[in-house]
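One letter stands for each residue in the lines below.
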Amino acid sequence: MPAPLYDGLRALAGQNPLRLDMPGHHGRPLPWNFPWPSELDFTENGSTGDLFGTEPDAIREAERLWAERLGFDACLFLTGGSTQGVHTGLALLAGQGSSIALDRGSHRSAYHALALLDLTPHFLPRPWLAGEGVTGPILPETVEGTLKKHQSIKTVCITSPTYYGVLSDIPAIASVCHAHGAKLMVDGAHGAHLPFLGYNGYQAADVVVMSAHKTLPAPGQTALLFANGFALADLQRWGSVYGTSSPSYVLMSALDAVRDYMEGEGADRCRKTVRLTDALRRRWPSLTEQDGLALDPTRLTLHSPNGFALADALRERGVYCEMADRSHVVCILTCADGQGEFARLEQGLAETALTGSAGPCPPPPEPPRAVLTPRQALFAPREQAALTDSAGRVSAGQIAPYPPGVPVIAPGELIEKKHLAYLTEIGYNKKYCDVIPREE
């Protein structure tokens, strides 16, 4: 399979042009031995294409190949991560000032979009899986109930998979949305590898955001926005609002090249990763598919009586995991990991003796009461307060353990003692928070 953008940039670089435009390094090696492929770091110069342009070029062709491979009408390259995609997608679907149904477990970028677009959220709760200590999938009946109760909602936004690897039934949810005249957007930031494993659930959605850099061998900030029922020009319109006018050609060419790689060797390696992950799940206490729970087959969510201690112990052995909470350690395993990497992880687990039944992990309390709209909270004056003394104050920012970046208290919501108690119980270690000043 061709990689038109990557191949084109390599050919242009091979001509050794005198580059008197941006970027300032002009294709020469950067000082300090900085590991950056500067020879591919072009700007729009008439030969490289234009991410937000209208004329056919290598970027258009590279995006078309992604859209065709994943079964969408259009694809837009993102160099600002899935955050740019979430903002772009919600602007495209919800516009300004409307009401939306939002997964309470959404990434903080979705909460920022609420404020920027002045959207009114109606939160979709997730069931608590007490035995696993994580939230389960968004249920189609939950979406159905919300759309019946709030008939003005025409946009639904959910996350699948979650940081812990939990998948929601996207086709069933999309069917509910479309029956009510609503569009479905899926934050699939952690799911870019799934289509290469044969998963086709994303195709049922209207808009999907994926981070290539999270689960594919791609540089940081590389992400993709897919859409059905919209033209590329629609995606470009809003993508250019939230993205830089100087997108990185290194990142875009990497998006092109990684798709080509995943068509062959990458997919084979990813399938091997699935088998190795399954074997680890069988040998070590971890989140597994049971009772109808669907999981990302490459995500390893380990159970531990002390997830923070387990992550620290692994780090001391040179094993850096993605995240830890009170009862879990999450490892993102990809096609870049082979038998040697899995063996090293397993050796580290064997040496720590910190895996086992998950310690008691409390469910999050009911969401706080909203006092201000997300937009009012974002633009209001703010001051810092000690978290322990903030009960009764209105939060001006997100109080969210990161990762996974899901707010326990969102901007504009009232901070209550039960939420502070929960943050303490799960090991949240921030001492201060932003609050709205009290009225005189």
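Check the entry above for the structure.
Everything in this summary refers to the structure shown in the same document. Residue indices follow the written sequence of each chain, beginning from 1 at its first position. Only residues with pLDDT of at least 70 are given local features in this predicted model, and only at 80 or more are side-chain atom pairs given and counted; all residues enter the totals for whole chains, interfaces and linings. Hydrogens and water are ignored here; the side-chain numbers use all heavy atoms of the structure.

We now examine the packing of aromatic side chains. The aromatic pairing rule takes the rings of Phe, Tyr and Trp, using the six-membered ring of Trp, and pairs them if the centres are within 6.5 Å, calling planes under 30 degrees apart stacked, those over 60 edge-to-face and the rest tilted. Going through the model one piece at a time under the given rule, you end up with five aromatic pairs. Residues Trp66 and Phe226 carry aromatic rings whose centres are separated by 6.2 Å and whose planes lie at 55° to one another, so their mutual orientation is tilted. Pair noted here: Trp66 is in helix H2 (residues 58-70) and Phe226 is in strand S10 (residues 223-227), with a separation of 160 residues, a long-range link. Relative accessibility under 20% of the residue-type maximum defines a buried residue, over 50% an exposed one, and the middle range a partly exposed one, all with a 1.4 Å probe and only protein chains included. Using a relative accessible area of 0% as the deciding quantity, one classes Phe226 as buried. Between Tyr111 and Phe123 the ring centres are 5.9 Å apart and the planes differ by 25°, which places this aromatic pair in the stacked class. Here Tyr111 is found in helix H4 (residues 108-117), whereas its partner Phe123 is found in strand S3 (residues 120-124), with twelve residues between them in sequence. Owing to a relative accessible area of 4%, Tyr111 belongs among the buried residues under this scheme. Three or more aromatic residues link up through ring pairs in this structure, and these residues are Trp66, Phe72, Phe196 and Phe226. Only DSSP runs of H or I reaching four residues or more are called helices, and only runs of E reaching two or more are called strands; each is numbered from the N terminus.

Attention shifts here to the pattern of salt bridges. Any carboxyl oxygen of Asp or Glu that lies within 4 Å of a side-chain nitrogen of Lys or Arg is treated as forming a salt bridge with it. If you walk through the whole model with that rule in mind, you get 19 salt bridges. With a shortest N-O distance of 3.4 Å, Arg10 and Glu39 are connected by a salt bridge. In this pair, Arg10 sits in helix H1 (residues 4-14) while Glu39 sits in the loop between H1 and H2, placing the two residues 29 residues apart along the sequence. Assessed through its relative accessible area of 40%, Arg10 is described here as partly exposed. A relative accessible area of 37% means that Glu39 is categorised as partly exposed. Between Arg69 and Glu263 there is a salt bridge, with its nearest N and O atoms 3.1 Å apart. Pair noted here: Arg69 is in helix H2 and Glu263 is in the loop between helix H9 (249-262) and helix H10 (265-283), with a separation of 194 residues, a long-range link. In this structure, a network of salt bridges that share partners links the residues Arg69, Asp256, Arg259 and Glu263.

A few words now on helix H11 (residues 307-316). Where H11 is concerned, the buried positions are Gly307, Leu310, Ala311, Ala313 and Leu314. Along the axis of H11, the buried residues cluster in a sector spanning 160°; they form a single face. In what follows, residue pairs with any heavy atoms lying within 4.5 Å of each other are defined as contacts. Buried residues along H11 sit against strand S13 (323-324), strand S14 (328-332) and helix H12 (339-352). For the purposes of these results, a polar contact is taken to be a pair of N or O atoms within 3.5 Å, where, inside protein, one atom must be able to donate a hydrogen and its partner to accept one; residues adjacent in sequence count only when each atom of the pair is a side-chain atom. Between the side-chain oxygen of the N-cap and the backbone nitrogen of Phe308 there are 3.3 Å, and the N-cap of H11 in question is Asn306. Gly318 sits one or two positions beyond H11 and adopts a positive phi of about 80°. Our arc is simply the arc of the directions from the helix axis toward the C-beta atoms.

Bringing helix H6 (residues 170-179) into the picture now. Helical geometry: 3.6 residues make up each α-helical turn, so side chains three or four residues apart lie on a common side. Ile170, Ile173, Ala174, Val176 and Cys177 are the residues of H6 that are buried. In a view along the axis of H6, the buried residues occupy a sector of 160°, so they form one face of it. If you follow the buried residues of H6, they end up packed against helix H5 (140-149), strand S6 (155-159) and strand S8 (183-187). Two or three places before Ala172, at the start of H6, stands the capping residue Asp169, its side-chain oxygen 3.2 Å from that residue's backbone nitrogen. Backbone geometry just downstream of H6 places Gly181 in the positive-phi region, at approximately 75°.

On to the sheet that holds strand S12 (residues 299-303). Between any two strands, at least two bridges found by DSSP are needed for them to pair. An order of S12-S14-S13 is seen for the three strands of this open sheet, with the pairing classed as antiparallel. Edge positions in the sheet fall to S12 and S13, since each of these pairs with one other strand and no more. Summarising the sheet, S12 and S14 pair through five bridges and their orientation is antiparallel. Pairing of His303 across the sheet is with His328, part of S14.

The residue Thr79 is located in the loop between strand S1 (74-78) and helix H3 (81-94) in this model. Taking relative accessible area as the criterion, Thr79 reaches 8% and is therefore assigned buried. Look past the residues within four positions of Thr79 in its chain and what remains in contact with it is Gln84, Gln221, Thr244, Pro247, Ser248, Leu251 and Met252.

A word on the environment of Pro140. Note that Pro140 resides in helix H5. Considering only alpha carbons, one finds Pro140 and Asp337, 197 residues apart in sequence, at a separation of 35 Å. When residues no more than four places from it in sequence are discounted, the contact partners of Pro140 are Ala172, Ile173 and Val176.

Axis definition: a line fitted to C-alpha atoms, over the contacting stretch in the case of helices. Angles run 0 to 180 degrees between N-to-C directions. The contact between H11 and H12 brings their axes to 10 Å, and the two run at 120°. When the axis of H11 is compared with that of H12, the two are oblique. For the crossing formed where H11 meets H12, the hand is right-handed. Mapping the contact onto sequence places Leu310, Ala313 and Leu314 in H11 and Gly348, Leu349 and Thr352 in H12. Note on residue categories: nonpolar means Ala, Val, Leu, Ile, Met, Phe, Trp, Tyr, Cys or Pro, charged means Asp, Glu, Lys or Arg, and polar means any other residue, Gly included. Classifying every residue of the contact of H11 with H12 by side-chain character gives four nonpolar, two polar and no charged. Comment on the angle field: the value is read as roughly parallel under 35 degrees, roughly antiparallel over 145, roughly perpendicular from 65 to 115, and oblique elsewhere. Take the far helix as your reference; a near helix turned counterclockwise from it by less than a right angle gives a left-handed crossing, and one turned clockwise gives a right-handed crossing.

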